[in-house]
Amino acid sequence: ILNVEQSPQSLHVQEGDSTNFTCSFPSSNFYALHWYRWETAKSPEALFVMTLNGDEKKKGRISATLNTKEGYSYLYIKGSQPEDSATYLCASGSNDYKLSFGAGTTVTVRA
Amino acid sequence: NAGVTQTPKFQVLKTGQSMTLQCAQDMNHNSMYWYRQDPGMGLRLIYYSASEGTTDKGEVPNGYNVSRLNKREFSLRLESAAPSQTSVYFCASSVGTRGQPQHFGDGTRLSIL
């Protein structure tokens with residue numbers, strides 16, 4: 001069981017502003033770091049899977065970076081829009097087949 | 001394309017009753033998972049099936065059993081429901097188990113009185 005922590009638990013951002021938040025995970029036996037976007041009344045949707053130290057992934061205005069040596073990943077949202085409002089989950093996979101999820105960061109974008 | 005389908009969407013049980021949650025995927029994925037979601041906590045893995053014919057315990061397996069009926073279907077059974085099992089249950093699937101994104105169903109909201 002991995003201890004995956006996300007901070008902050010929630011944040012509010014003005015439309016048009018950029019924001020970022022953190023996922024920390026144990027760096028030992030690391031295999032992959034996942035990010036998911038979870039909108040209210042929907043199911044979690046995969047954003048990124050990263051495996052290598054220094055990996056950077058981008059999807060539209062959302063991007064993520066990975067530091068496996070120090071055990072953290074950042075998710076960035078550039079120019080936030082109301083449709084970016086969601087809970088963002090990260091999950092760390094170790095050398096077995098299991099993912100451990102953080103509790104999520106809930107982002108609310110105010111128009 | 002349906003993706004991952006869970007049934008039922010809602011269920012209320014009495015303590016001690018049994019129930020099977022159904023999950024089916026149409027993406028030809030090899031691996032399937034059952035999670036539970038409780039307030040303030042991350043998704044917690046109950047059981048998973050790395051491939052057809054195999055099942056393994058996750059983080060919180062007590063009180064549950066699973067069956068990988070075939071490549072498409074993975075069911076979760078509560079033999080004797082307890083109030084502590086009140087939760088939202090998610091089924092997910094992926095092409096493989098390592099480094100592959102998981103695709104989630106819409107969840108089953110289960111209340112045990």
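Everything here concerns the structure above.
Residues numbered from 1 in each chain as written. Chains lettered and ligands numbered in written order. Predicted model: local features only at pLDDT ≥ 70, side-chain atom pairs only at ≥ 80, totals over all residues. Heavy atoms only, no water.

(A) How the structure looks around the overall build of chain B. From N to C terminus, chain B includes zero helices and eleven strands. Starting at the N terminus and ending at the C terminus, chain B contains elements arranged as β-β-β-β-β-β-β-β-β-β-β. Its C-alpha atoms give chain B a radius of gyration of 13 Å, within 12% of the compact-globule value 13 Å for 113 residues. The C-alpha extent of chain B, read off along each of the three principal axes, is 35 × 25 × 25 Å. Here chain B holds 113 residues, and the buried ones make up 50% of them. A separation of at least 24 residues holds for 55% of the contacts in chain B among residues at least 6 apart in sequence. Of the accessible surface of chain B, which amounts to about 5100 Å², a share of 48% is contributed by carbon and sulfur atoms. Between the centroid of the 11 positive side chains of chain B and the centroid of its 8 negative side chains there is a distance of 3 Å. (Helix = DSSP H or I, 4+ residues; strand = E, 2+ residues; numbered from the N terminus. Rg over C-alpha atoms; globule rule 2.2 N^0.38 Å. Buried < 20%, exposed > 50% of the residue type's maximum accessible area, 1.4 Å probe, protein only. Contact = heavy atoms within 4.5 Å. Areas by Shrake-Rupley, 256 points an atom, 1.4 Å probe, with all protein chains shown as cover. Lys, Arg positive; Asp, Glu negative; His and termini not counted. Charge placed at Lys NZ, Arg CZ, Asp CG, Glu CD.)

(B) The layout of surface pockets, seen in detail. Its volume calculated, the largest pocket comes out at about 690 Å³. If you trace the largest pocket, you find 28 residues lining it, with Trp38(A), Ala41(A), Gln37(B), Phe90(B) and Arg109(B) closest to the centre. Going through the elements one at a time, strand S9 (86–94) and strand S11 (105–110) of chain A together with strand S9 (87–94) and strand S11 (108–112) of chain B are the ones with two or more residues in the lining of the largest pocket. Among the elements that take part in the lining of the largest pocket, S9(A) stands out by supplying three residues, more than any other. Taken together, the residues of the lining of the largest pocket break down into eleven nonpolar, eleven polar and six charged. (1 Å grid on protein atoms, 1.4 Å probe; cavity = no way out; pocket = protein on both sides within 12 Å on 5 of 7 lines; lining within 4 Å. Points joined across faces, edges and corners; volume = space filled by probe spheres on them. Nonpolar A, V, L, I, M, F, W, Y, C, P; charged D, E, K, R; others polar.)

(C) Representation of the environment of Leu69(B) within the structure. With respect to the helices, strands and loops of the structure, Leu69(B) is situated in the loop between strand S7 (64–68) and strand S8 (74–78). On a C-alpha basis, the gap between Leu69(B) and Thr5(B) in space is 15 Å, while along the polypeptide they are 64 residues apart.

(D) Here's a closer look at the state of the cysteines. All names here are of chain A. Throughout the structure, instances matching the rule amount to two disulfides over all chains. In this model Cys23 forms its disulfide with Cys90; the gap between the sulfur atoms is 2.0 Å. Looking down the S-S bond of the Cys23 and Cys90 bridge, the torsion is 75°, so its handedness is right-handed. Here Cys90 lies in strand S9 and Cys23 lies in strand S3 (residues 19–24), a separation of 67 residues in the sequence. Residue Cys23 shares its accessibility class with Cys90, and that shared class is buried. (Disulfide = S-S within 2.5 Å.)

(E) Representation of the sheet that holds strand S1 (residues 4–7) of chain B. Residues and elements named next belong to chain B. Reading across from one edge, S1-S3-S8-S7 is the order of the four strands in this open sheet, with antiparallel pairing throughout. Edge positions in the sheet fall to S1 and S7, since each has one partner strand and no second. Put simply, the sheet's adjacent strands are angled 15° from each other on average, direction ignored. (Pairing = 2+ DSSP bridges. Axes fitted to C-alpha atoms, helices over the stretch in contact; angles between N-to-C directions.)

(F) Geometry of the interface of chain A and chain B. Counting residues at the interface gives 19 residues for chain A and 23 residues for chain B. Across the interface of chain A and chain B, roughly 1800 Å² is buried in total on both sides, 66% from carbon and sulfur atoms. Taken together, the connections running from chain A to chain B amount to zero salt bridges. The set of elements that each furnish at least two residues to the side of chain A that touches chain B consists of strand S4 (30–38), strand S5 (45–50) and strand S10 (99–101) of chain A. Looking at which element gives the most residues to the side of chain A that touches chain B, the answer is S4(A), with five residues. For the side of chain A that touches chain B, the per-class residue count stands at 13 nonpolar, four polar and two charged. (Buried area = accessible area lost by both parts, 1.4 Å probe. Salt bridge = Lys/Arg side-chain N within 4 Å of Asp/Glu carboxyl O.)

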